[in-house]
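Observations on the three-dimensional arrangement
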Amino acid sequence: MPEDTLVSDHFAIPETQKAWRVVRKGLPSKALHLNEKTPVKTDLAKGEVLVKVEAAALNPVGYKMMGIVPAFVAKFPQTAEYDFSGVVVNGNGTEFKNGQEVFGSIFGDAKSKSHEGALAQFVAVPAANIVERPANISPTGAAGLAMVGLTAHQAIFDIGKLEPGMSIFINGGSTAVGASAIQFARAIGCKITVAASGQHEDFVKSLGADVFIDYTKEPVHRALEQNPPEPKFHLILEAVGNIDLPLYTHSEKYLAPGGIFVSVMPQPDGLFDTPHLFRYYFEALLRPTWLGGTNRKWKAVMVKVDKEDLKTIATMVEEGKFRPVVDSVFSFEDTLKAYDRIMTKHTAGKVVVKVEPDVE
Ligand SMILES: NC(=O)c1ccc[n+]([C@@H]2O[C@H](COP(=O)([O-])OP(=O)(O)OC[C@H]3O[C@@H](n4cnc5c(N)ncnc54)[C@H](OP(=O)(O)O)[C@@H]3O)[C@@H](O)[C@H]2O)c1
């Protein structure tokens, strides 16, 4: 065993590791550097756990942040990405034992303070951000469960107040957030209408969608107006994040009074989108109904770490009520190819990177 190696209950923890580090603003090919001598965080804070990463999964927010956040805000270098699965190698007095297989995510304060990330051989993460990985899914399946699962769960239950028997419309059923929302809604017996492209019709139906709308054939709000649901939807989840203002401003026609329009928050694709984005947020948040505003509540979801939600996801997986959806798997060395894949914006499920080469 090399001298620079720490041993924690049978696990050899090296001083340095391979990690994809964000070193500057830009596209992943410019922003990322594979640093083979990144320090492993061994001076864990109270409540922090060290996980040996088996697989990491990409989220659109990863490459979007690389493209917009300047160095003085992001404080480069920092390890890229959020979601992972792995094995606890230093439980550090928390409820986790060394050797326990887990999945989770590092984002928000935990990430901005530590500069840790998922695209590395080790990640130091608060114990609150991880749960035990169910035995019936592989590390590559578990890697991408956390962020989109939490987002969908919080959007439809905490904000949208979805209840058994209600009817929900999900715009973007084949996004990883949408695919998670379909499965949560199906598990409690809701009627589910979904918009996705024709190539993903079978995919969203296999997850539990009852009614399908092809967004490539006509604008979604028009399809819904021409064929309004009876009764109207109790909840709309906008799970694409594009700037589709009419879907909200026309929603009185297909969203029940008192129903909620929950959005993952539209983001601009480029500078030219900025005026449209301002208009969107003005209509959604500011314009009162007495000045012609839309008479339906618009709310944004901002994902947060919630251990109970993570446990719910794990239990549903264990019980066979929720299945991880994986679009593609790449090797650690091919991480830039994984970014090329997610940046097509036409994936069906998670883009996963194997950090341990032999992991399933
Ligand atoms: N607010 C938050 O806290 C939060 C948290 C997580 C994610 N998000 C945001 O949520 C959005 C979804 O994230 P994700 O990871 O689930 O995305 P994703 O899986 O990468 O989305 C890819 C999917 O989007 C579909 N799509 C693209 N344009 C579409 C359109 N106009 N209508 C319907 N479907 C469309 C594609 O289907 P086709 O190939 O068929 O077009 C593809 O299946 C992103 O904008 C992300 O940034 C927000």
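About the thresholds
- Residues numbered from 1 in each chain as written.
- Predicted model: local features only at pLDDT ≥ 70, side-chain atom pairs only at ≥ 80, totals over all residues.
- Heavy atoms only, no water.
- Domains from an automatic or database assignment.
- Contact = heavy atoms within 4.5 Å.
- Buried area = accessible area lost by both parts, 1.4 Å probe.
- Salt bridge = Lys/Arg side-chain N within 4 Å of Asp/Glu carboxyl O.
- Polar contact = N/O pair within 3.5 Å; in protein donor to acceptor, adjacent residues only side chain to side chain.
- Nonpolar A, V, L, I, M, F, W, Y, C, P; charged D, E, K, R; others polar.
- Helix = DSSP H or I, 4+ residues; strand = E, 2+ residues; numbered from the N terminus.
- Expected span 1.5 Å × (residues − 1).
- Buried < 20%, exposed > 50% of the residue type's maximum accessible area, 1.4 Å probe, protein only.
- Pairing = 2+ DSSP bridges.
- Near = heavy atom within 4 Å.
- Areas by Shrake-Rupley, 256 points an atom, 1.4 Å probe, with all protein chains shown as cover.
- Axes fitted to C-alpha atoms, helices over the stretch in contact; angles between N-to-C directions.
- Parallel < 35°, antiparallel > 145°, perpendicular 65-115°, else oblique.
- Left-handed = near helix turned anticlockwise from the far one by under 90°.

On to the domain arrangement of the protein chain. The domain boundaries assigned to the protein chain delineate domain 1 (5–144 + 324–354) and domain 2 (148–300). Domain 1 and domain 2 are separated by 30 Å when their C-alpha centres are compared. Each partner contributes to the interface: domain 1 provides 11 residues, whereas domain 2 provides 11 residues. Overall, the association of domain 1 and domain 2 removes approximately 790 Å² of surface from exposure, summing both partners, and the carbon and sulfur fraction of that is 54%. Among the residues domain 1 hides against domain 2, the three largest losses belong to Val325, His346 and Ala348. Together they make up 44% of the total. At the junction of domain 1 and domain 2, the tally comes to zero salt bridges. Our count for the contact surface shared by domain 1 and domain 2 stands at one residue pair in polar contact (both at pLDDT 80 or more). Residues that form the side of domain 1 that touches domain 2 fall into these classes: three nonpolar, five polar and three charged.

What follows covers helix 6 (residues 145–159). With 15 residues, helix 6 ought to run about 21 Å at 1.5 Å a step, and its terminal C-alpha atoms sit 20 Å apart, in line with that. For helix 6, the tally of buried residues reaches 13 of 15 residues, placing the bulk of the element in the interior. Just beyond helix 6, the residue with positive phi is Lys161, at close to 55 degrees.

Burial analysis of strand 15 (residues 255–263) places seven of its nine residues in the buried class, the great majority of the element. As judged from the five bridges shared by strand 14 (residues 233–238) and strand 15, these two strands associate in the parallel manner. Paired with Ile236 across the bridge in strand 15 is Phe261.

Summarising the element assignment, Thr151 is placed in helix 6. For Thr151, a relative accessible area of 10% puts it in the buried group. What Thr151 contacts, discounting residues up to four positions off in sequence, is Val177, Val264, Val301 and Val303.

On to the site of the ligand, then. Around the ligand, the structure places 25 residues, and the nearest of them are Val177, Ser197, Tyr215, His346 and Thr347. Separating an oxygen atom of the ligand from a side-chain N or O atom of Lys64 is a distance of 3.1 Å. Backbone polar atom of Ala176 to an oxygen atom of the ligand: 2.8 Å apart, as the coordinates give it. In isolation the ligand has 940 Å² of accessible area, and contact with the protein removes 90% of it. Secondary structure elements with two or more residues in the shell around the ligand: helix 2 (60–68), helix 6 and helix 7 (176–187). Two domains each provide a minimum of three residues to the shell around the ligand, namely domain 1 (5–144 + 324–354) and domain 2 (148–300).

Here helix 6 crosses helix 12 (residues 307–318) at 105 degrees, and the two axes come no closer than 10 Å. When the axes of helix 6 and helix 12 are compared, the pair comes out roughly perpendicular. Contact residues: Leu145, Ala146, Gly149, Leu150, His153, Gln154 and Asp158 in helix 6; Asp309, Leu310, Thr312, Ile313 and Val317 in helix 12. Here the residues of the contact of helix 6 with helix 12 sort into six nonpolar, four polar and two charged.

Right, let's get into the packing of helix 6 against helix 7. Between two packed helices, what matters for the description is the angle formed by their axes and the separation of those axes. Remark: helix 6 packs on helix 7, axes separated minimally by 8 Å, with the N-to-C direction vectors making an angle of 55 degrees. Classified by the interaxial angle, the pair formed by helix 6 and helix 7 is oblique. For helix 6 against helix 7, the interelement crossing comes out right-handed. Of the residues in helix 7, those in contact with Val148, Gly149, Thr151, Ala152, His153, Ile156 and Phe157 of helix 6 are Ala176, Val177, Ser180, Ala181, Phe184 and Ala185. A per-class count over the contact of helix 6 with helix 7 returns nine nonpolar, four polar and no charged.

Bringing the sheet that holds strand 6 (residues 78–79) into the picture now. With antiparallel pairing, the three strands of this open sheet are ordered in space as 4-3-6. Both edges of this open sheet fall to strand 4 (32–39) and strand 6, since each of them pairs with a single strand only. Across six bridges, strand 3 (residues 16–22) lies against strand 4 in antiparallel orientation. What sits directly across from Ala19, in strand 4, is Asn35.

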